[in-house]
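As a plain string of letters, each chain reads:
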Amino acid sequence: MGYRRSVGILTGLIIILAIAASGYGILSGHGPGERGSSESFTSIRGEKVELYGSGIYKNDSISVVAQAKAQDGVTLVLGVPLLLVSLVMSIRGRVRGRLLLAGALGYFTYTYASYSFLSMYNNLFLIYVILFSSSLFACILTLLSLEKEKVERFFRPSLPAQSIGLFLLFTSLMIMLLWLGRLAGSYRQGTAPEGLEHYSTLVIQALDLAIVVPLSSITGVLLIRRRPYGYLLASVVIVKAAALLTSITAMIIGMLRAGVSVSTVELIAFPAFNLGAIVCLYLVLSNVQEPG
């Protein structure tokens, strides 16, 4: 009961603050030229950077703002409703609800960790930090409540665990190679990585290489071996992956609309991973059996 009450309070807070932050992000500012001309400067690394120039994201680059506004849209249209529905299902004792809730909270944790560390400082900074912290601890509490039970018994034997595990391993490998390839090019040329612009470091790549890739790889192996923790982590990782990859697909569309170049590999790989994650999500949820 303590877990549920704490998770319910934290999730309610996340829903309210996420609506405020993402809604304000979408509506704030209208891009370069709002005051007559775009703002640009040369970074300390010699890279010419064009700033958005208005609204809450005024000090961020055109590329990052195109991604941030796209992610704000996905958070508002997909993330918040998913969080709300999964919370209601969880309160009603539905296993699917608890699994969806853990995955949705994983998405919010990743999203607002990236906003906290990547975005140029703005008036929403404390909101980002609260969302990051609340999502992280709500996710941990949800996982702890699930860990007490034999999670594998919630899934039918027909679940294609090996196929889903192999997909997670393949996706992890491709993401690792994609980001390492970008870093290798900068090392060879002795220059800053492409897309760093005026930011201090590669936050998304750090999160992916340090957390997402190892977690997805471990989950894939455990799931192939049909270990209990494999079932538990797979549910979280796949829900989070489906939501996050939908955001990335929206980001790519937003970048293309803003005239920002996107590599062919990323243009093909991420939407393909997104489709695969949605298929895996369907397979996982359709093979959940409610107790009783």
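Placed above this text is the structure.
Novice: Give me the lowdown on the nonpolar core, citing residues and values where you can.
Specialist: Grouped together as the largest cluster of nonpolar side chains are 78 residues, with contacts concentrated most on Y57, L83, F108, Y112, F155, I238 and F270. Contributions of two or more residues to this core are made by α1 (2–27), α2 (62–91), α3 (95–118), α4 (125–147), α5 (161–189), α6 (203–224), α7 (228–257) and α8 (264–286). Looking at this core element by element, the count peaks at 15 residues for α7.

Novice: Residue-level account of α6, with values.
Specialist: Along an α-helix, residues three or four positions apart point the same way, because every turn accommodates 3.6 residues. Taking 1.5 Å per residue as the helical rise, α6 with its 22 residues ought to reach 32 Å, and the 30 Å between its terminal C-alpha atoms agrees with that figure. The largest bend along α6 measures about 35 degrees and falls at L209. All buried positions along α6 are accounted for by V203, Q205, L207, D208, V212, V213, S216, T219, G220 and L223. One or two steps after α6, the chain reaches R226, where phi turns positive at roughly 55 degrees.

Novice: Run through the side chain of N274, naming residues and quoting values.
Specialist: With respect to the helices and strands, the residue N274 is situated in helix α8. When its relative accessible area of 8% is taken as the criterion, N274 is described as buried. Side chain to side chain, N274 and T246 meet in a polar contact 3.3 Å long. At 3.1 Å, the side chain of N274 and the side chain of T249 are in polar contact. When near neighbours in sequence (up to four residues on either side) are disregarded, N274 contacts A242, L245, T246 and T249.

Novice: Give a detailed account of the packing of α2 against α7, specifying residues and quantitative values.
Specialist: The geometry of α2 relative to α7 is characterised by a closest axis approach of 8 Å and an angle of 140 degrees between their N-to-C directions. When the axes of α2 and α7 are compared, the pair comes out oblique. Of the two possible hands of crossing, α2 and α7 adopt the one that is right-handed. Contacts from S63, A66, Q67, A70, Q71, V74, L78 and L82 of α2 reach α7 at V239, A243, L244, T246, S247, A250, M251, G254 and M255. Class assignment for the residues of the contact of α2 with α7 results in 11 nonpolar, six polar and no charged.

Novice: Describe the pairing of strand β2 (residues 48–51), listing the residues and the values that go with them.
Specialist: Burial along β2 is one-sided: V49 and L51 are buried, and none of K48 and E50, which face the opposite way, are. Both strand β1 (residues 39–42) and β2 contribute to a ladder of four bridges, which runs antiparallel. Bridge pairing in β2 links F41 to V49. Between β1 and β2, which pair antiparallel in sequence order, lie five residues; one of them, G46, sits at a positive phi of approximately 85 degrees.

Analysis parameters
Residues numbered from 1 in each chain as written. Predicted model: local features only at pLDDT ≥ 70, side-chain atom pairs only at ≥ 80, totals over all residues. Heavy atoms only, no water. Core = buried A, V, L, I, M, F, W, Y, C linked by side-chain atoms within 4.5 Å. Buried < 20%, exposed > 50% of the residue type's maximum accessible area, 1.4 Å probe, protein only. Helix = DSSP H or I, 4+ residues; strand = E, 2+ residues; numbered from the N terminus. Expected span 1.5 Å × (residues − 1). Bend = angle between axes of the 7 residues up to and from the residue. Polar contact = N/O pair within 3.5 Å; in protein donor to acceptor, adjacent residues only side chain to side chain. Contact = heavy atoms within 4.5 Å. Axes fitted to C-alpha atoms, helices over the stretch in contact; angles between N-to-C directions. Parallel < 35°, antiparallel > 145°, perpendicular 65-115°, else oblique. Left-handed = near helix turned anticlockwise from the far one by under 90°. Nonpolar A, V, L, I, M, F, W, Y, C, P; charged D, E, K, R; others polar. Pairing = 2+ DSSP bridges.

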